[in-house]
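Okay, here's what each chain looks like letter by letter:
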Amino acid sequence: MIAAASIEGFFLIKGGIHKADYSEKKSNWFKAGRISDFEMNKTYPFTSGHFYLRRFEDGGFLAMSVKCTHLGCIVNNDAGSGGFHCPCHRSQFDKYGEVLSAPATRPLDTFPIEIRNGEIWIDTYQPVKRKSFDKSQLSYVS
Ligand code: FES
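Residues numbered from 1 in each chain as written. Predicted model: local features only at pLDDT ≥ 70, side-chain atom pairs only at ≥ 80, totals over all residues. Heavy atoms only, no water.

Participant: Sorry, what's going on with the pattern of salt bridges here?
Facilitator: Between side chains of opposite charge, a pair can form when the charged atoms approach closely. Scanning the model with the defined rule gives eight salt bridges in all. Between arginine 34 and glutamate 119 there is a salt bridge; the shortest N-O distance is 3.8 Å. Taken together, the residues arginine 34 in strand E1 (residues 29-34) and glutamate 119 in strand E11 (residues 119-123) connect sequence positions 85 residues apart. A relative accessible area of 40% means that arginine 34 is categorised as partly exposed. (Salt bridge = Lys/Arg side-chain N within 4 Å of Asp/Glu carboxyl O. Helix = DSSP H or I, 4+ residues; strand = E, 2+ residues; numbered from the N terminus. Buried < 20%, exposed > 50% of the residue type's maximum accessible area, 1.4 Å probe, protein only.)

Structure, rendered in structure tokens:
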């Protein structure tokens, strides 16, 4: 009797855990602000969202992870160049997040952007790895 109750309890618990997996969220949208809040050719840090939001000269937006792709230290932004440097082992990245100097070997990860009703939203759930920058990674106001 006790064994049957234990087995039933095990499956109830297992079922509960299984349900939790189904309800796991697959996005985590973060409101960065209104489009008009962001000047062209500037980078904005969002420490609570763990990303930098860059607005380029042509108006395109790119959200880049603050984590260095070498071993995950937080990179700093250089307001002058728009690039990034890592305090841990001195990797450097340009304003597109591409590697300028090792030991990092790949660009900063990005996050998906959506522009809704004049607002910029960043999905910080899952960083997107990339091999290099290309213009298709930028988001524009349509
Ligand atoms: Fe950034 Fe090593 S963690 S260079």
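There's plenty left to go through after this.
Participant: Looking at this model, I keep getting lost on the pairing of E11. Mind explaining?
Facilitator: Within a regular strand, the side chains alternate between the two sheet faces. Of all five residues that make up E11, five are buried, and the element is covered over most of its length. Alternating residues of E11 divide into Glu119, Trp121 and Asp123 and Ile120 and Ile122, and every residue in both groups is buried. Relative to E11, E1 is paired through five bridges, and the arrangement is antiparallel. Along E11, the bridge assignment pairs phenylalanine 30 with isoleucine 122. (Pairing = 2+ DSSP bridges.)

Participant: Is there a simple way to think about the nonpolar core in this case?
Facilitator: Note on soluble globular proteins: their nonpolar side chains tend to be buried together. With 14 residues, the main nonpolar core has Leu62, Cys68, Val75, Phe84, Phe93 and Leu108 as its most contacted residues. With sequence-adjacent residues up to four places away left out, leucine 62 is seen in contact with Tyr52, Leu53, Arg54, Phe56, Tyr96, Thr110, Ile113, Arg130, Phe133, Gln137 and Leu138. By size, the runner-up hydrophobic cluster in this structure holds 13 residues, among which are Phe38, Tyr44, Ile113 and Ile122. (Core = buried A, V, L, I, M, F, W, Y, C linked by side-chain atoms within 4.5 Å. Contact = heavy atoms within 4.5 Å.)

Participant: Explanation requested: the side chain of serine 65 in the structure shown.
Facilitator: Within the secondary structure, serine 65 is located in strand E4 (residues 61-65). A polar contact of 3.0 Å, which involves the side chain of serine 65, links it to the backbone nitrogen of lysine 67. When neighbours within four sequence positions are excluded, serine 65 is seen to be in contact with His50, Phe51, Leu108, Asp109 and Phe111. (Polar contact = N/O pair within 3.5 Å; in protein donor to acceptor, adjacent residues only side chain to side chain.)

Participant: Could you clarify how one ought to interpret the sheet that holds strand E6 (residues 84-85) in this entry?
Facilitator: The strands making up a sheet associate through backbone hydrogen bonding, with each pair oriented either parallel or antiparallel. Overall, antiparallel pairing links the four strands, which are arranged E5-E6-E7-E8 in an open sheet. Here the strands that pair on one side only, and so sit at the sheet edges, are strand E5 (76-77) and strand E8 (99-101). As paired strands, strand E7 (residues 92-93) and E8 are joined by two bridges and run antiparallel to one another. Looking at E8, one finds that glutamine 92 is bridged to serine 101.

Participant: Explain the environment of asparagine 41 to me, please; I cannot follow it from the model alone.
Facilitator: Note on placement: asparagine 41 falls in the loop between E1 and strand E2 (42-46). Note on asparagine 41: relative accessible area 43%, which makes it partly exposed. Distance in space between the C-alpha atoms of asparagine 41 and glutamate 57 is 5.0 Å, their sequence separation being 16 residues. For asparagine 41, the contacting residues outside a window of four places in its chain are Arg54, Arg55, Phe56, Glu57 and Lys95. Among the polar contacts made by the side chain of asparagine 41, one reaches the side chain of arginine 54 at a distance of 2.6 Å.

Participant: Just to check I follow, could you spell out the packing of aromatic side chains for this structure?
Facilitator: What describes a pair of aromatic rings is the distance from one ring centre to the other and the angle between the planes of the rings. Inspection of every chain in the model, using the stated rule, returns eleven aromatic pairs. For the pair phenylalanine 30 and phenylalanine 46, a centre-to-centre distance of 5.8 Å together with 80 degrees between the ring planes defines the contact as edge-to-face. A residue pair is termed long-range when its members are at least 10 positions apart, and phenylalanine 30 in strand E1 and phenylalanine 46 in strand E2 qualify at 16 residues. Among the aromatic residues, those joined into a cluster by ring pairs are Phe30, Phe38, Tyr44, Phe46, Phe51, Phe61 and Phe111. For the cation-ring pair, arginine 54 lies above phenylalanine 56, with the distance from its terminal atom to the ring centre recorded as 5.2 Å. For the cation-ring pair, arginine 116 lies above tryptophan 29, with the distance from its terminal atom to the ring centre recorded as 4.6 Å. (Phe/Tyr/Trp six-rings, centres within 6.5 Å; stacked < 30°, edge-to-face > 60°. Lys NZ or Arg CZ within 6 Å of the ring centre and 35° of its normal.)

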